[in-house]
Amino acid sequence: MATDSMRFEVTRLNCGGCAGRAQKALAAVPGVTDASVNLANRMARVDGSAGVEALRDALDRAGYPAREARVTLAIDGMSCASCVNRVEKALSAVPGVLSAHVNLASESAEVRLLAGSVDGAELARVVGEAGYKARPAGDDSAERDARKDAELRTLKHDLIVAAALTLPVFVLEMGGHIFPGFHHWIASTIGTTTSWVLQFALVTAVLVGPGRRFYRIGLPLLFKGAPDMNALVALGTLAAWGYSTVALFLPGLLPEGARAVYFEAAAVIVTLILLGRFLEARAKGRTGAAIRRLVGLRPATARVERDGAIAELAIDEVQPGDVVHVRPGERIAVDGELLTGRSYVDESMITGEPVPVGKGPGDPVVGGTVNGQGALSFRATAVGADTMLARIISLVEDAQGAKLPIQALADRVVVWFVPAVIAAAALTFLAWLVLGPSPALTHALVAGVSVLIIACPCAMGLATPTSIMVGTGRAAELGVLFRKGDALQRLESSKVVAFDKTGTLTEGKPALARSEAAPGWDVAEVLRLAASAEQGSEHPIARALEQAAEGLVQPEVVEAIAGHGLRATVEGRRLLVGAKRLMVREGVAMAGLEAAHDEIAAAGQTPVVVAIDGQVAGVFAVADRVKPGARAAVAALHAQDIRVAMITGDTQATARAIAAELGIDHVEAEVLPEGKLAAVKVLRERFGAVAFVGDGINDAPALAEAEVGIAIGTGTDVAIESADVVLVSGDVAGVVEAFHVSRAVLRNIRQNLFWAFGYNVALIPVAAGALYPAFGLLLSPMLAAGAMALSSVFVLTNALRLRRLSPAMRSGATRAGRETLVAEPAE
């Protein structure tokens, strides 16, 4: 966008030299006539015709990025996809705006701009000039809900008034067509002229009262040369009302055969469209039900320990570090770390996992979850917008506002659709006027009005955003968060899912898997001595032995032997603990444990050999535990015709063992952390679009490189920030659910778009009179209004079916299969 003058905020300005370099960078942009940068307030002022993106890019290259901000607007009065296009166009033209995305379903606009260039009030004013009411959206969900309820009540009131005024008109005019005797009765009592005058009065009241919303918005836009759906309704109803008014009061202006009234058509059109909008508004309210349920999980108060006493405080008053007390059955207020008490906590509303989770001192608790039977106290670690629940709500709201690539076609059509409909209606009117049978003017009016009314693009504008809103909300209930809404479409097209191993497919915590003692040795005693020797080691193997052993003592001497293991003295006994090569080096024979050692190695597990006083005493298998349900998740992905790969730094033997156990198709083993990105590229070249699933810092590059990055929610913040999708519970079954939701939402969107386009393609010719030559049928404007209203209701109802989307894997399936042990990680 070009501009004459613009101000915005610049970052990383530390001295006059910084300001000078930033100013020089701006001045060098083509189209800039003057540029200045103020170090004191960190604001830049630019005059000229340079585009916003060019100015931003110039500062980025200079190392002084312009600060970007986002403003959300709540917008009233939008009714179709052309409204969306018009508001987006108006916002995008504002100096300083980088992009604007308008969501018809949520009746909001998300504007990305250079901070300081324009505020929410100015953006709302621009939207107002485009013909719609707008205001900066706050975070008060109660206020938003109240506004929606008021809008619904107004629509309901207008609908009732319109229906009450329309019913007598419909009976007076259409009763005679249904019962011929009724027509004669009217003529012989009040008379036809009086009947028409009554209809005129009632219909005028409908148009001036409940129907004025169409004229207030549609007519100004029509005069500006930017008609929308309201303009179509305004044109159609005014044409019917105007023609009828002339026929009533100035009949001499019309041919005798064309002196008829269509007051009932104008009234019924307004009433039916109001009915459609009322049903549409009710359905729209249900599309955001998932967000409202999440918001409803926030407790209003918390019992906080202050100065030795427990006081009930508003949730906003809780601070990090506060000790919060929770009674049995209460909802946990904020995120924290458990201090006292033990209980089972229902976390299903956060993770989608139905089984309560046992909690004890030191365990994390999440705000919004429900405590079981035990009394708990915990230290608050995150409050307000930093809690997991608040972040989930934010992520879902962001995803619900996304615009998918599949919507681009509808957007391109909508740009020219309404003007094309007006042109088609005009051509239809002229064609009937010139070529139609007598009374030609009457037929021309009916056909022209029908085309105007039936061709509204409301359904096109609702087809995609409603499905996204409902689908991402349902995904959140299943424990799957789409951080970026467009990942819905990219995930559906992914051909292969590549899993990191440690912490993703496995627990990331090695455990003792098998114990074998040499003849004459007690296996528990050998384990106790070996674990005692390992106490000083930081290696994961040491932790696995320690956790499995009892009665540990402090070693007298410990000597690490790099790449082999260690030598120690425990309770006066000389121990060697490590790999088989340590025994070979020290000349200790494996004596009867050779077969057990080889079996452990062949299973992809890590063998730990122990020698005591120069004799081999035992061999232990240490392995990383495969996550419950990993095998079921891989099988479910195969059932969806998705290839499964694993990328790991472990040895080929370990990787092959895991792959065989889980049914994984392709393995990239012995991959260094920096090699994961390259491995993703290799998979893409071989199989197509890749979805990568990981949890660690070293997975972040691969998560960013893949078409869709899926982060385990229990992993690192770096991985989560690099991902497009987050699995809150850390359960790999969430990958299956993500694909399941993606495909269901895209299928739903295609159904909606097919209906929206097909409806218009099929019915515009019918409204224009295509069936008249063969069947003598001409579509009534009233039926056109009903069909148009029902098209939007159909799209919304179809999208709402996603609220009942069943999980791809049954509850408990994620725990299916026996626990499997695999090798200790090398990553």
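Residues numbered from 1 in each chain as written. Predicted model: local features only at pLDDT ≥ 70, side-chain atom pairs only at ≥ 80, totals over all residues. Heavy atoms only, no water.

If you check an unreviewed UniProt entry, the chain appears there as P-type Cu(2+) transporter from Salipiger thiooxidans. What UniProt records for the chain under Sequence similarities (unreviewed entry) is the sentence "Belongs to the cation transport ATPase (P-type) (TC 3.A.3) family. Type IB subfamily." UniProt annotates the chain under Catalytic activity (unreviewed entry) with the comment "Cu(2+)(in) + ATP + H2O = Cu(2+)(out) + ADP + phosphate + H(+)". (UniProt positions renumbered as here; feature names shortened; annotations may be inferred.)

In spatial order, the strands read β9-β8-β10-β16-β11-β14; together these 6 strands make up an open sheet with antiparallel pairing. Of all strands in the sheet, those bounded by a partner on one side alone are β9 (309-314) and β14 (364-365). (Pairing = 2+ DSSP bridges. Helix = DSSP H or I, 4+ residues; strand = E, 2+ residues; numbered from the N terminus.)

Here the focus is the packing of aromatic side chains. Using the criterion set out here, one finds 5 aromatic pairs in the structure. A ring pair is formed by F200 and W241, whose centres lie 5.9 Å apart and whose planes are at 25°; its orientation type is stacked. Of the two residues, F200 sits in helix α7 (residues 192-208) while W241 sits in helix α9 (residues 229-249), which places them 41 residues apart along the sequence. Residue classification places W241 among the partly exposed residues on the basis of a relative accessible area of 23%. Between W755 and F794, the aromatic rings sit 4.5 Å apart at their centres with planes inclined by 35°, giving tilted as the arrangement. On the criterion of sequence distance, the pair formed by W755 in helix α28 (residues 733-768) and F794 in helix α30 (residues 781-800) is long-range, its members being 39 residues apart. On the basis of relative accessibility, which here comes to 32%, the residue W755 falls in the partly exposed class. (Phe/Tyr/Trp six-rings, centres within 6.5 Å; stacked < 30°, edge-to-face > 60°. Buried < 20%, exposed > 50% of the residue type's maximum accessible area, 1.4 Å probe, protein only.)

So, about the nonpolar core. The biggest cluster of nonpolar side chains holds 139 residues, and the ones touching the most others in it are L123, Y132 and F482. Ranked by the residues each element gives to this core, the list is headed by α28, at 16 residues. When residues no more than four places from it in sequence are discounted, the contact partners of Y132 are I75, D76, G77, M78, C83, R86, V87, V127, I217, L221 and D228. Grouped together as the second largest cluster of nonpolar side chains are 23 residues, V10, A22, V29 and Y64 included. (Core = buried A, V, L, I, M, F, W, Y, C linked by side-chain atoms within 4.5 Å. Contact = heavy atoms within 4.5 Å.)

Before going further, it helps to spend a moment on the UniProt feature "transmembrane region" (unreviewed entry) in the chain. In this structure's numbering, the residues bearing the UniProt feature "transmembrane region" (unreviewed entry) are residues 159-179, 185-208, 229-254, 260-279, 413-435, 441-464, 753-772 and 778-800. Secondary structure across residues 753-772 comprises 85% helix and 0% strand; the distance between its end C-alpha atoms is 28 Å. Counted over residues 778-800, helix gives 87% and strand 0%. Its end C-alpha atoms are 34 Å apart.

Glancing now at the pattern of salt bridges. As enumerated under the stated definition, the model contains 30 salt bridges in all. Linking E129 and R125 is a salt bridge whose minimum nitrogen-to-oxygen distance equals 2.3 Å. Of the two residues, E129 and R125 are both situated in helix α4 (residues 120-129); the distance of 4 residues between them amounts to about one turn of the helix. The exposure class of E129 is partly exposed, given its relative accessible area of 47%. In this structure, E330 and R327 form a salt bridge, with 3.0 Å as the shortest nitrogen-oxygen distance. Given a relative accessible area of 24%, E330 falls into the partly exposed group. (Salt bridge = Lys/Arg side-chain N within 4 Å of Asp/Glu carboxyl O.)

Attention now goes to the environment of P437. With respect to the helices, strands and loops of the structure, P437 is situated in the loop between α14 (408-435) and α15 (440-454). Residues within four places of P437 in sequence aside, it is in contact with W432, H443 and Y772.

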